Amino acid sequence: MGQAPGDAHENLIGGQARILGPAVQARDIHGGIHVHTGAATAVPPPRQLLPVPAHFTGRGDDLAALDGLLTGGGRGGPARSLIVVSGPAGIGKTTLVCDWLHSLAPEFPDGQLYADLRGHSTEGPAGPGEILSQFLRALGAGSVPADMAEKASLWRSWTADARIAVVLDNAFTAAQVRPLLHAGPGGLTVVTSRRRLTGLRMDGAAMHQLQALEPAAGAELLSRAIGDDRVANEPQAARQVVALCAGLPLAVCLASARLASRPRQSVKTLADALTRDTERLAALQVEGETTVSNALDASYAVLTEGAALLYRRLGPLPLRTFDARSAAAACAASLAWAESRLDELVEANLMEDIGPGICRHHDLVRVHAHGRAIAEESAKTRAEALRRVCDWYLETATEAEKLITPAQFTLDRDVAHPSGLPIPFTDDPGALAWLDAHRMNLMAVIRAAAAAEWHAMTWQLVDAMWPVFLRLRYYDLWIEAHEIGLEAARRDGDAEAERQMLNSGAIGLSAAGRVDDAAEWYEESRRAAREAGDVRDEGQALLGLGGCHREAGRTVAAEDHLHQAITLWGACGYPRGVALARIVLGEIALAQDDTGRAVEYFTHARAGLLAVDDPHDAARALVFSGRARARAGEHEVGVTAMEEALAVFTSSGAAHWQARTLEMLGDSARERGEETAAGDFRARALALFEVTSPSDARRLRESPSGT
């Protein structure tokens, strides 16, 4: 008889029904009943890969949760007679449920029935009629009708007054389960499935989703198999093995069995093997026992064609999270198609739903999906899926850039596969929120595009991320992205893109405090702009150099570079650049306590920026102007201006500039002797700086009296 792969220690013979406790009519049953071809035969308890009970520390919370569902939690909640325990292959659903029900044997004196519904076996799911026949025979029915309706009626009759517990293991659909629900008010049915089986909510089911083991619980599981001493001797390697098993008990048990069979092998040797993704699943095979790979193969085999296609397409992608749009882009499909297929993967527990519309793979599932793609898709198909996702991210990020920084010069985009998908935002805050939420995926596709030598795609993606760098100040990502983008622009032979990467990257270097490195990038950009005869880019480099000199305290050099930039930009007709240079000149004047000159610079700058529809930088000029006026004694006028600017930054989600403005408001309040208000402003500024700029947070903590 074939064996169906299952969860950790779920290697039970498919298509069987067993009585786990005393049966109805006080029949004395040991080890359960295996019903096959009409004959009842006693069988031993199911063979387990490793003897790991569900009540070990790592599952205590799950057992308590099941107790709460059964009793109503002691808080007036409804007691449940139908519970669905779901989770991915290898998470330990069957072990948990069976151990839990064994502990509840006195609550169900008429017996406990078990059936494997074979939801993911190669021969296909068990039919309800087949299972009902087994249950009825196990309960002592001498004759079982052939008609399904008659079987169901007899089942309801036999269970109407019975206090029994029924385990429906490895279920595939709600429809497969419904005919097997018993009628007795004193009974309990527990369903385990790799799918969520949300349809059973209509039948009053309570849902419990098993999560991966915590690191300490995984280490405990490992210790039970290979001994405390072995784990204690290599604690770091043991933790690494558990982490690489993604918290799946089955994977930890397979790793444990491998180590237990090799008492002289170091734990680090296995950890090193598991570190290599391509070897991770192969390393977790133990002499024919069910493996993670087998279990995942079984789940994959019963997917619809569309869900299997999506599973393969997502597997090799560098993304750690997916939404319907990225999934649709990967498959050149519609949004509705992708939403439906993702739901199927989530339902099958091959994807994990981690937030509104956001899914991810478990680590070992990702490796498996990648393997299926390698086995079933050509290299060309895999590359095209990646390119389509890169194109979608480029399209969408560029639309966000246009909304957030409409006055910013945007270089051309080369989209090979327009997605035709709807843009997921409609305004400036929504666009910035989207960029922020997707920043790690954007970085991942930038790295992947660079590795694929799609040079134009690489630097264009970096360029499209500009608003999130400018507004939210992720300095490490800012610098890394521009280092990759600069190399890509050079390999692409695009001189204009190279200068863009140099200038944008230098701003990030300067903002991160690497002023000397920033100056080198600006000087390189300036030389390249002069060689190309690009006056506008030369002015940009001069503006950056002026800022670097100001940061370094070289005021004369800073003003000289800034005035050169104004002259060049004035001649070529670039008023936005002129206004930006005036903001820096105003900052220099403000630092010198020349508030009159500072206000003049800021006022002219703001007017110029409003004229070219640049509200963000206009608000920067306004907040500086307000601070200068407050310093000059025009406190109310100055505070009003700063509060107006704060409203702009808050509306657009520019957290760094919210913090800068709050700090200025705090300094102005302190100058007026308003200590309570000053403390509140600075506390709010510090909270934002902790997220956007650790160096500013440190500066603020070290100068509590303000400057």
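Bear in mind that the values here come from a model prediction, so they are computed numbers and not experimental data.

1. As for the overall build of the chain
Argument step 1. Scanning the chain from N- to C-terminus turns up 33 helices and 10 strands.
Argument step 2. In the form shown here, the chain has an accessible surface area of approximately 28600 Å², with 50% of it arising from carbon and sulfur atoms.

2. What about the packing of aromatic side chains?
Argument step 1. Tallied over the full model, the rule gives 13 aromatic pairs.
Argument step 2. Arranged with centres 5.7 Å apart and planes meeting at 80°, the rings of Trp466 and Trp478 form a pair that is edge-to-face. Separated by 12 residues along the polypeptide, Trp466 in helix 21 (residues 466-472) and Trp478 in helix 22 (residues 475-492) bring together distant segments of the chain.
Argument step 3. Residue classification places Trp466 among the buried residues on the basis of a relative accessible area of 7%.
Argument step 4. Measuring from ring centre to ring centre gives 5.9 Å for Phe649 and Trp657, while their planes differ by 35°; the resulting arrangement is tilted. The exposure classification of Phe649 matches that of Trp657, with both residues buried.
Argument step 5. One aromatic cluster in this structure is built from Trp392, Tyr393, Phe425 and Trp434.
Argument step 6. Across the ring face of Trp454, the terminal group of Arg387 is positioned such that the distance to the ring centre comes to 5.3 Å.
Argument step 7. Seen from the ring of Tyr474, Arg439 lies directly overhead, with NZ or CZ sitting 4.1 Å from the centre.

3. Examining the pairing of strand 4 (residues 82-86)
Argument step 1. Within strand 4, five of the five residues are buried, which leaves it mostly tucked inside the rest of the structure.
Argument step 2. With burial as the criterion, each face of strand 4 is covered, one bearing Leu82, Val84 and Ser86 and the other bearing Ile83 and Val85.
Argument step 3. Pairing analysis gives five bridges linking strand 4 to strand 7 (residues 188-193), with the strands arranged parallel. In the sheet register, Ile83 faces strand 7, and the bridge partner there is Val190.

4. Looking at a negative patch on the surface
Argument step 1. A cluster of acidic side chains, namely Asp412, Asp414, Asp492 and Glu496, defines a negative patch on the protein surface.
Argument step 2. As for its placement among the helices and strands, Asp412 is situated in the loop between helix 17 (379-404) and helix 18 (428-437).
Argument step 3. Under the relative-accessibility criterion, Asp412 is labelled exposed at 65%.

5. A few points about the nonpolar core
Argument step 1. If you look at the biggest cluster of nonpolar residues, it comprises 136 residues, and the most contacted ones within it are Trp100, Leu101, Leu303, Leu314, Tyr393 and Leu461.
Argument step 2. Discounting residues that sit within four places of it in the chain, Leu314 has contacts with Phe322, Ala327, Ala330, Leu342, Met351 and His361.

6. Some thoughts on the packing of helix 27 (residues 575-591) against helix 29 (residues 615-631)
Argument step 1. The contact between helix 27 and helix 29 brings their axes to 11 Å, and the two run at 25°. Here helix 27 is positioned roughly parallel relative to helix 29, judged by the angle of their axes. As for the relative orientation of helix 27 and helix 29, their crossing is left-handed in sense. When helix 27 is examined against helix 29, the residues Arg576, Leu580, Ile583, Glu587 and Leu590 are found in contact with a partner set consisting of Asp617, Arg620, Ala621, Phe624, Arg627, Ala628 and Arg631.
Argument step 2. Per-class residue counts for the contact of helix 27 with helix 29 are six nonpolar, no polar and six charged.

7. Here's the deal with the packing of helix 28 (residues 595-611) against helix 29
Argument step 1. Where helix 28 meets helix 29, the closest approach of the two axes is 8 Å, and the angle between their N-to-C directions is 160°. In terms of axis orientation, helix 28 runs roughly antiparallel to helix 29. For the crossing formed where helix 28 meets helix 29, the hand is left-handed. Of helix 29, the residues touching helix 28 (which contributes Thr595, Ala598, Val599, Phe602, Thr603, Ala605, Arg606, Leu609 and Leu610) are Asp617, Ala618, Ala621, Leu622, Phe624, Ser625, Ala628, Arg629 and Arg631.
Argument step 2. Classifying every residue of the contact of helix 28 with helix 29 gives 11 nonpolar, three polar and four charged.

8. As for the pattern of salt bridges
Argument step 1. Inspection of every chain in the model, using the stated rule, returns 41 salt bridges.
Argument step 2. Close ionic contact of Lys268 with Asp272 constitutes a salt bridge, the shortest N to O distance being 2.9 Å. Taken together, the residues span about one helical turn, with Lys268 and Asp272 both in helix 10 (residues 267-275) at a distance of four residues.
Argument step 3. A salt bridge links Arg499 to Asp537, with the shortest nitrogen-to-oxygen separation between them at 2.7 Å. Placement of Arg499 in helix 23 (residues 495-511) and of Asp537 in helix 25 (residues 535-551) is noted, with a sequence separation of 38 residues between them. For the pair Arg499 and Asp537, a shared accessibility class is recorded, and that class is buried.
Argument step 4. One salt-bridge network, held together by shared partners, links Arg312, Arg313, Arg372, Glu376 and Glu377.

9. Some words on the environment of Thr275
Argument step 1. Position of Thr275 relative to the elements: it lies in helix 10.
Argument step 2. C-alpha of Thr275 to C-alpha of Gln240: the two residues are 35 residues apart in sequence and 8.6 Å apart in space.
Argument step 3. For Thr275, the contacting residues outside a window of four places in its chain are Gln240 and Leu244.
Argument step 4. A distance of 2.7 Å separates a polar side-chain atom of Thr275 from the backbone oxygen of Ala271.

10. Structural notes on the confidence of the model for the chain
Argument step 1. Averaged over all residues, the pLDDT of the chain is 85; the fraction at 70 or higher stands at 88%.
Argument step 2. Ranking the helices and strands of the chain by mean pLDDT puts helix 20 (residues 455-464) first, with 98, and strand 3 (residues 39-42) last, with 26.
Argument step 3. Across residues 1-55 the pLDDT falls below 50, and counting only partners more than four positions away or on other chains, this stretch makes 153 contacts in the model.

11. Examining the environment of Gly586
Argument step 1. Counting through the fold element by element, Gly586 comes out in helix 27.
Argument step 2. For Gly586, a relative accessible area of 0% translates into the label buried.
Argument step 3. Along the sequence, Gly586 and Ala628 sit 42 residues apart, while their C-alpha atoms lie 9.2 Å from each other.
Argument step 4. The residues contacting Gly586, other than those within four sequence positions of it, are Ala598, Tyr601 and Phe602.

12. So, helix 19 (residues 439-451)
Because an α-helix completes one turn every 3.6 residues, residues spaced three or four positions apart along the sequence face the same direction.
Argument step 1. Compared with an ideal rise of 1.5 Å per residue, which puts 13 residues at 18 Å, helix 19 spans 18 Å between its outermost C-alpha atoms and is within 8% of the ideal.
Argument step 2. The complete set of buried residues in helix 19 reads Asn441, Leu442, Met443, Ala444, Val445, Ile446, Ala448 and Ala449.
Argument step 3. Looking at the packing, one finds that the buried side of helix 19 touches helix 17, helix 18, helix 20 and helix 22.

13. As for unusual backbone geometry
Argument step 1. A positive phi angle is found at Ala332, which is not glycine, with a value near 50°.
Argument step 2. The phi dihedral of Glu453 falls on the positive side, at around 65°, and the residue is not glycine.
Argument step 3. Secondary-structure assignment places Glu453 in the loop between helix 19 and helix 20.

14. Quick word on the side chain of Glu347
Argument step 1. With respect to the element layout, Glu347 can be found in helix 15 (residues 335-347).
Argument step 2. For the buried Glu347, no salt bridge is present, and the opposite-charge side chain at shortest range is Arg195, 5.7 Å distant.
Argument step 3. A polar contact of 2.5 Å, which involves the side chain of Glu347, links it to the backbone nitrogen of Leu197.
Argument step 4. Sequence-distant contacts of Glu347, that is, excluding residues within four places in its chain, are made with Arg194, Arg195, Arg196, Leu197 and Thr198.

Reading guide: rules and limits
- Residues numbered from 1 in each chain as written.
- Predicted model: local features only at pLDDT ≥ 70, side-chain atom pairs only at ≥ 80, totals over all residues.
- Heavy atoms only, no water.
- Helix = DSSP H or I, 4+ residues; strand = E, 2+ residues; numbered from the N terminus.
- Areas by Shrake-Rupley, 256 points an atom, 1.4 Å probe, with all protein chains shown as cover.
- Phe/Tyr/Trp six-rings, centres within 6.5 Å; stacked < 30°, edge-to-face > 60°.
- Buried < 20%, exposed > 50% of the residue type's maximum accessible area, 1.4 Å probe, protein only.
- Lys NZ or Arg CZ within 6 Å of the ring centre and 35° of its normal.
- Pairing = 2+ DSSP bridges.
- Patch = residues over 30% accessible without salt bridge, like charges linked within 9 Å, V, L, I, M, F, W, Y side chains within 5 Å.
- Salt bridge = Lys/Arg side-chain N within 4 Å of Asp/Glu carboxyl O.
- Lys, Arg positive; Asp, Glu negative; His and termini not counted.
- Charge placed at Lys NZ, Arg CZ, Asp CG, Glu CD.
- Core = buried A, V, L, I, M, F, W, Y, C linked by side-chain atoms within 4.5 Å.
- Contact = heavy atoms within 4.5 Å.
- Axes fitted to C-alpha atoms, helices over the stretch in contact; angles between N-to-C directions.
- Parallel < 35°, antiparallel > 145°, perpendicular 65-115°, else oblique.
- Left-handed = near helix turned anticlockwise from the far one by under 90°.
- Nonpolar A, V, L, I, M, F, W, Y, C, P; charged D, E, K, R; others polar.
- Polar contact = N/O pair within 3.5 Å; in protein donor to acceptor, adjacent residues only side chain to side chain.
- pLDDT = per-residue confidence, 0-100.
- Expected span 1.5 Å × (residues − 1).

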